[in-house]
Amino acid sequence: MSEFLSKVQFWGLVILVFLLPLFFLPITQDFFDFNKMALLASGVVVLAVIWAARLVAQGKFVWNKTPLDISVLCFSLLVLISALTITPNKMEAFVIPGPATIILSCTFLFFAVTQTAGISNFKFQISNFITYALLASGIVVSFIVLLAVTGVLDSIGSLPGFMKAQTFSSFGAPL
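The paragraphs below set out a description of the structure included in this document. If you're wondering where the values come from, they're calculated on a predicted model, not measured in any experiment. Every residue gets a number counted from 1 within its own chain, in the order that chain's sequence is written. A pLDDT threshold of at least 70 governs which residues receive local features in this predicted model, and a stricter bar of 80 or more applies before side-chain atom pairs are shown or counted, although totals over entire chains, interfaces and linings include all residues. Only hydrogens and water are set aside; all other atoms, that is, all heavy atoms of the structure, feed into the side-chain values.

Describing the overall build of the protein
Counting its regular elements, the protein contains 6 helices and 0 strands. Scored against the burial criterion, the 175 residues of the protein give a buried share of 33%. Note on areas: these come from Shrake-Rupley sampling with a 1.4 Å probe, and a residue is covered only by the protein chains present in the view. As displayed, the protein offers around 10,500 Å² of accessible surface, 75% of which is attributable to carbon and sulfur atoms. Both charge centroids of the protein, one from 8 positive and one from 6 negative side chains, sit 14 Å from each other. Helix numbering and strand numbering both begin at the N terminus, where a helix is a DSSP run of H or I of at least 4 residues and a strand a DSSP run of E of at least 2. Partly exposed describes any residue whose relative accessible area lies between the buried limit of under 20% and the exposed limit of over 50%, with all areas from a 1.4 Å probe on protein chains only and scaled to the type maximum. We count Lys and Arg on the positive side and Asp and Glu on the negative side, and we leave His and both chain ends out. Just so you know, the charge point we use is NZ for Lys, CZ for Arg, CG for Asp and CD for Glu.

Written as structure tokens, this is what we have:
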């Protein structure tokens with residue numbers, strides 16, 4: 001069971017990293033930013049649950065330490081404290097543009113990567129797989145942008161109007 005959960009954790013992390021640059025949903029008011037934030041937050045929650053289940057299946061708590069753990073954790077705690085104390089609109093800090101949610105989710109993503117790297121079977125592969133996942137999603141995004149700039153997407157009749165613009169990118173903005 002522990003071996004299966006290790007593989008699910010590993011491939012879940014790789015798939016999350018691959019999908020982040022590509023993900024958007026035209027069913028919300030903000031097609032790009034909010035949906036990427038929601039994918040990241042829900043993805044790291046699922047990875048945390050899988051990690052906890054793997055630890056329970058193993059019967060022991062293992063934490064892989066890195067030199068950046070304390071720095072990342074302190075920065076994340078400062079952002080959380082700032083969002084809770086200084087921000088006049090707490091909902092805005094955590095949901096609407098979500099800078100606190102993004103920083104906290106990225107912190108959990110960092111720890112998901114470091115804890116997945118500690119799995120003995122995948123110790124040296126996780127950085128390669130994440131690099132390849134980001135490279136593959138970057139190639140797909142570049143191909144989509146190339147199709148948009150050359151007008152190929154405009155000639156496809158079944159696409160929504162926002163995807164036919166020459167400045168379309170799954171990143172959400174031309175820059």
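After that view of the structure, there is still more to cover.
Quick look at helix 1 (residues 2-22)
Look at helix 1: 31 Å from first C-alpha to last across 21 residues, which is about the 30 Å you get at 1.5 Å a residue. Within the span of helix 1, buried status applies to S2, L5, S6, Q9, F10, L13, V14, L16, V17, L20, P21 and L22. For helix 1, the elements touching its buried residues are helix 2 (33-58), helix 5 (99-117) and helix 6 (126-150). For a helix, the expected span equals 1.5 Å multiplied by the residue count minus one. Contacts between residues were defined by any pair of non-hydrogen atoms, one from each residue, lying within 4.5 Å.

Focus on the nonpolar core
Here, nonpolar core means buried Ala, Val, Leu, Ile, Met, Phe, Trp, Tyr and Cys residues that are tied together by side-chain atoms lying within 4.5 Å of each other. Counting residues in each nonpolar core, the largest one holds 15 residues, and the members touching the most others are L13, L16, L109 and I126. Sorting elements by how many residues they give to this core places helix 1 first, with 6 residues. Other than its neighbours up to four places away in sequence, L13 contacts L47, L109, A112, V113, T116, I126 and I130. In this structure, F24, F32, A148 and F168 belong to the second largest nonpolar core, which totals 6 residues.

Thoughts on helix 6
The first and last C-alpha atoms of helix 6 sit 36 Å apart over 25 residues, in line with the 36 Å expected at 1.5 Å per residue. Listing the buried residues of helix 6 in full gives I126, I130, A133, S137, V141 and A148.

With respect to the state of the cysteines
Here a disulfide denotes a covalent bond joining the sulfur atom of one cysteine to the sulfur atom of another. For the purposes of this analysis, a disulfide is any pair of cysteine sulfur atoms at a distance within 2.5 Å. Throughout the structure, instances matching the rule amount to 0 disulfides. The thiol of C74 is unpaired, and the distance to the nearest cysteine sulfur, on C106, comes to 17 Å. By relative accessible area, which is 38% here, C106 ends up partly exposed.

Some remarks on the environment of V152
Inspection of the secondary structure puts V152 in the segment after helix 6. Taking the C-alpha atoms as reference points, V152 and Q166, separated by 14 residues in sequence, lie 9.3 Å from one another.

Some thoughts on the packing of aromatic side chains
Between the rings of Phe, Tyr and Trp (Trp by its six-membered ring), a pair exists once the centres lie within 6.5 Å; its type follows the angle of the planes, with under 30 degrees stacked, over 60 edge-to-face, and the other angles tilted. Under the defined criterion, the tally for this structure stands at 5 aromatic pairs. With centroids separated by 5.1 Å and ring planes inclined at 90 degrees, the aromatic side chains of F10 and W11 adopt a geometry described as edge-to-face. With a relative accessible area of 1%, F10 lands in the buried category. Taking relative accessible area as the criterion, W11 reaches 40% and is therefore assigned partly exposed. Ring-pair connections join several aromatic residues into one group, and the members of that group are F10, W11 and F129.

What to know about the environment of W51
For W51, the position within the fold is in helix 2. In this structure W51 comes out as buried when scored by relative accessible area, which is 17%. Distance from W51 to V8, taken between C-alpha atoms, is 9.4 Å for residues 43 residues apart in sequence. When neighbours within four sequence positions are excluded, W51 is seen to be in contact with Q9, F61, V62, W63 and Q115.

Honestly, that's just the spatial picture; any functional story needs more than this.
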